Amino acid sequence: MRGQLTMTYATVQDMVDRFGETEMIRLSRPEDRDATTVLAAKVELAIADACGQIDDYLRGRYRVPVATPEKSIVRATCVLARYDLAKGERTDPTEPMRLDRKEVIAWLDGIAAGRINIDAPPAGELGSTGARISDRTNVFDHQRLRG
């Protein structure tokens, strides 16, 4: 991520808790109808993609990645990841999946437009990094601006 922290807003367990183990097995292993475990790597990739998409919406207003994401961001991540998992050769997103994704995208649009606020540090806020000192002289000072 070009010099940024790599962080996810959700985990495979969040996906299982929200959508059920059976669905996560089915979406992560659509070609294996006898599978009994979630293919974690595939779910983690979908989560990472969803996090990147969310960061793209948040970046203009908030410092990303958000260190302590709200539950709404975790939910949005899960919804987007689930939708992506459902898009495959043998699977298609269901209508409820499409509607959930549409709702999340509208929510993210609201954040990007400033209609919705989340509890996160604003973009450009550096936190407590201490005093800043510059060794450069002022180009414009009181003497140079006269006349």
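All values derive from a computational prediction rather than experimental measurement. (Residues numbered from 1 in each chain as written. Predicted model: local features only at pLDDT ≥ 70, side-chain atom pairs only at ≥ 80, totals over all residues. Heavy atoms only, no water.)

1. So, the overall build of the protein chain
What counts, and what does not: Numbered from the N terminus, helices here are DSSP runs of H or I no shorter than four residues, and strands are runs of E no shorter than two. Buried means the residue's accessible area, taken with a 1.4 Å probe over protein chains only, is under 20% of the maximum for its type, while exposed means over 50%, and partly exposed covers the values in between. Residue contacts are counted whenever heavy atoms from the two residues lie within 4.5 Å of one another.
Scanning the protein chain for helices and strands turns up 5 helices and 0 strands. For the protein chain, the sequential pattern of α-helices and β-strands runs α-α-α-α-α. Taking all 147 residues of the protein chain together, the buried fraction comes to 33%. Excluding contacts between residues fewer than 6 apart, the proportion of contacts in the protein chain whose partners are at least 24 apart in sequence is 70%.

2. Description of the nonpolar core
This is how the line gets drawn: Nine residue types can take part in a nonpolar core, namely buried Ala, Val, Leu, Ile, Met, Phe, Trp, Tyr and Cys, and a core is a set of them joined through side-chain atoms within 4.5 Å.
Grouped together as the largest cluster of nonpolar side chains are 38 residues, with contacts concentrated most on M15, M24, I54 and L58. Within the residue set of this core, elements represented by two or more residues are α1 (12–19), α2 (21–28), α3 (40–58), α4 (71–86) and α5 (95–113). Counting residues per element, this core draws most heavily on α4, which supplies 10 residues. For M24, the contacting residues outside a window of four places in its chain are M15, V16, F19, V38 and L85.

3. A word on α1
The test is simple: For this quantity, the arc is that covered by the directions from the helix axis to the C-beta atoms.
Looking at α1, one finds that the buried residues are V12, M15, V16 and F19. Buried residues in α1, looked at end-on, bunch into an arc of 100°, giving them a common side. Looking at the residues trailing α1, positive phi occurs at G20, about 95°.

4. Quick look at the packing of α3 against α5
Test applied: Axes, fitted as lines to C-alpha atoms, cover a helix only where it is in contact. Angles between the N-to-C directions of the axes lie from 0 to 180 degrees. We call Asp, Glu, Lys and Arg charged. Ala, Val, Leu, Ile, Met, Phe, Trp, Tyr, Cys and Pro are nonpolar, and the rest, Gly among them, are polar.
It is the contact of α3 with α5, at a shortest axis distance of 8 Å, that shows an interaxial angle of 30°. Packed against α3, whose contacting residues are Q53, I54, Y57 and L58, the element α5 presents R101, I105, L108, D109, I111 and A112 at the interface. Here the contact of α3 with α5 is built from residues that sort into 7 nonpolar, 1 polar and 2 charged.

5. Quick look at the side chain of S28
Keep this limit in mind: We call two N or O atoms a polar contact when they sit within 3.5 Å, provided that within protein one can donate a hydrogen and the other can accept it, with sequence-adjacent residues counted only if both atoms are side-chain atoms.
On the secondary structure map, S28 appears in helix α2. The buried category is assigned to S28, whose relative accessible area is 1%. A distance of 2.8 Å separates the side chain of S28 from the backbone oxygen of M24, its partner in a polar contact. Residues contacting S28, with those up to four places away along its chain left out, are V38, L39, K42 and V43.

6. Here we look at α4
Heads up, the condition is: One less than the residue count of a helix, multiplied by 1.5 Å, gives the span that helix is expected to have.
Here α4 is 16 residues long and its end C-alpha atoms lie 23 Å apart, about the 22 Å a rise of 1.5 Å per residue gives. Where burial is concerned, most of α4 is hidden: 12 out of the 16 residues are buried. Those residues of α4 that sit buried are I73, V74, A76, T77, C78, V79, L80, A81, R82, Y83, L85 and A86. Buried positions along α4 lie against α1, α2, α3 and α5.

7. Here's the deal with the side chain of T77
If you trace the backbone, T77 turns up in helix α4. Look at T77 and you get buried, because its relative accessible area is 0%. Aside from chain neighbours lying at most four places away, what touches T77 is Y9, A10, I47, A50, C51 and I54.

8. Considering the environment of K102
With respect to the secondary-structure elements, K102 resides in helix α5. Exposure remark for K102: the relative accessible area of 60% places this residue in the exposed category.

9. Examining the confidence of the model for the protein chain
This is how it is decided: What pLDDT conveys is the predictor's confidence in a given residue, as a value from 0 to 100.
Scored by pLDDT, the protein chain comes out at a mean of 87, with 80% of its residues at no less than 70. Counting contacts from residues 1–5, a segment whose pLDDT is below 50, to residues more than four positions away or on other chains yields 4 contacts.

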